[in-house]
Amino acid sequence: MLTLPRVKSLTLWFGAAIVVSSAISSSALSEELQLKPFTDTSMIQRSESSAMRDQYRHPNKTLSFFEIKPQLTVVEIWPGGGWYTEILAPYLKSEGLYYAAHFNSTSKIGFFQKMREKFDNTLIQSPNLYDKVITTDFEPPKHISIAPANSADRVLTFRNVHNWMRNGSEQAAFEAFFVALKPNGILGVVEHRAPEDFNLERMIDTGYVTESYVKRLAKNAGFDFIAASEVNANPLDSKNHPKGVWTLPPSLRLGDSEKQKYLNIGESDRMTLKFRKP
């Protein structure tokens, strides 16, 4: 199993576009994270807001399933506030390479601009952790050069496919992943999982995507399907909510209305799929 570093308290939290920083002691971390770190992190730790979500995101098992190793070149697509950045960047810092293919820095979309600026500022504020991070612009279908062609060992995307579907750029995104990966490289996809009877319109409206649709996108781009994992499954999620997936935490779009009900459900049911570039 992949061993994760404990990373400094950071202003990194992207569920509801809120930036939070609150450190906790290593004794409060889950057993899953109290593993021997790859880098020398004896005096650093992850933020409390990040560690609290490990119960839904299972970073150790997820990254192990995607066969992440410290010597690899890894591209993370749209890292948002940096939840996985605070794990991957220190882990890859000494021997590997981490690309953050973030929102387009010159995007006309205000939310993209704001989140990219916050992410860039976080990197600047913690050079001991992030001085080797390479940021690139990704806003398909126009800005799709996430890394040099055939340079990446892994491309990872967490809960993003539904966003590209809003402007019909999902196929262009998968094609960009294929170009960046080396032959035999792995694409890892985590996405909110819809029932197979959801049509395209309902997927876009709810934020839940069918596994068959994601597999089709990957196949059309040239990928071979390798395996699926249930590590991020949540059987409590009915996928039938007033505000789609955003009804659930961390977004909680209904505010205080039935808040405890949705907190009890937890974050969404998610597919975890692995593909290979031939």
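Residues numbered from 1 in each chain as written. Predicted model: local features only at pLDDT ≥ 70, side-chain atom pairs only at ≥ 80, totals over all residues. Heavy atoms only, no water.

**Some words on the overall build of the protein chain**
Then comes step 1: Within the protein chain, the regular secondary structure consists of 11 helices and 7 strands.
Then comes step 2: Per-residue burial for the protein chain yields a buried fraction of 54% across its 278 residues.
Then comes step 3: Pairs at least 24 apart in sequence give 76% of the contacts found in the protein chain among residues at least 6 apart. (Helix = DSSP H or I, 4+ residues; strand = E, 2+ residues; numbered from the N terminus. Buried < 20%, exposed > 50% of the residue type's maximum accessible area, 1.4 Å probe, protein only. Contact = heavy atoms within 4.5 Å.)

**Quick word on helix H5 (residues 110–125)**
Then comes step 1: When the terminal C-alpha atoms of H5 are compared, their 23 Å separation across 16 residues agrees well with the 22 Å that a helix rising 1.5 Å per residue should span.
Then comes step 2: Of all the residues in H5, the buried ones are Phe 112, Met 115, Arg 116, Phe 119, Thr 122 and Leu 123. Within H5, the buried residues cover an arc of 120° as seen down the axis, which keeps them to one side. Residues of H5 that are exposed and angled more than 90 degrees away from the buried face: Glu 117, Ile 124 and Gln 125. (Expected span 1.5 Å × (residues − 1). Arc of directions from axis to C-beta.)

**Concerning helix H10 (residues 211–221)**
Then comes step 1: Taken residue by residue, H10 has Glu 211, Tyr 213, Val 214, Leu 217, Ala 218 and Ala 221 as its buried positions.
Then comes step 2: The inward-facing, buried residues of H10 abut helix H7 (161–165), helix H8 (170–180), strand S5 (181–192), helix H9 (200–206) and strand S7 (270–276).
Then comes step 3: Backbone geometry just after H10 places Gly 222 at a positive phi near 115°.

**Examining the packing of H8 against H10**
Then comes step 1: Relative orientation of the contacting elements H8 and H10 amounts to 50°, with a least axis distance of 8 Å. Taken together, the axes of H8 and H10 lie oblique to each other. Along this stretch, H8 crosses H10, giving a crossing that reads as right-handed. For the pair H8 and H10, the contacting residues are Glu 170, Gln 171, Phe 174, Glu 175 and Phe 178 in the first and Tyr 213, Val 214, Leu 217, Ala 218, Asn 220 and Ala 221 in the second.
Then comes step 2: Split into classes, the residues belonging to the contact of H8 with H10 amount to 7 nonpolar, 2 polar and 2 charged. (Axes fitted to C-alpha atoms, helices over the stretch in contact; angles between N-to-C directions. Parallel < 35°, antiparallel > 145°, perpendicular 65-115°, else oblique. Left-handed = near helix turned anticlockwise from the far one by under 90°. Nonpolar A, V, L, I, M, F, W, Y, C, P; charged D, E, K, R; others polar.)

**A word on the sheet that holds S7**
Then comes step 1: The strand order across the open sheet built from 7 strands is S3-S2-S1-S4-S5-S7-S6, with neighbouring strands paired in mixed fashion. Because the sheet does not close on itself, it has two edges, and the strands there are strand S3 (134–137) and strand S6 (224–229). Each neighbouring strand pair of the sheet contributes to a mean axis angle of 20°, computed without reference to strand direction.
Then comes step 2: The strands touched by H5 are strand S2 (97–102) and S3; relative to S3, the strand with the most contacts, the crossing angle is about 170°. (Pairing = 2+ DSSP bridges.)

**Considerations on the packing of aromatic side chains**
Then comes step 1: Applying the stated rule across the entire model yields 17 aromatic pairs.
Then comes step 2: Considering the side-chain rings of Trp 78 and Phe 103, the 4.8 Å spacing of their centres and the 70° angle between planes classify their relative orientation as edge-to-face. Note that Trp 78 is positioned in the loop between strand S1 (73–77) and helix H4 (85–92) and Phe 103 in the loop between S2 and H5, a separation of 25 residues in sequence. Take Trp 78 and Phe 103: they sit in the same class, and that class is buried.
Then comes step 3: Consider the rings of Phe 103 and Phe 111, whose centres lie 6.1 Å apart with planes at 55°: the pair is tilted.
Then comes step 4: Note on Phe 103: relative accessible area 3%, which makes it buried.
Then comes step 5: Note on Phe 111: relative accessible area 36%, which makes it partly exposed.
Then comes step 6: Through successive ring pairs, a cluster of aromatic residues spans Trp 78, Phe 103, Phe 111, Phe 112, Phe 138, Trp 164, Phe 174 and Phe 177.
Then comes step 7: It is Arg 57 that lies over the ring of Trp 83; its NZ or CZ is 5.0 Å from the centre.
Then comes step 8: The ring of Phe 225 carries the charged tip of Lys 215 above its face, separated from the ring centre by 4.4 Å. (Phe/Tyr/Trp six-rings, centres within 6.5 Å; stacked < 30°, edge-to-face > 60°. Lys NZ or Arg CZ within 6 Å of the ring centre and 35° of its normal.)

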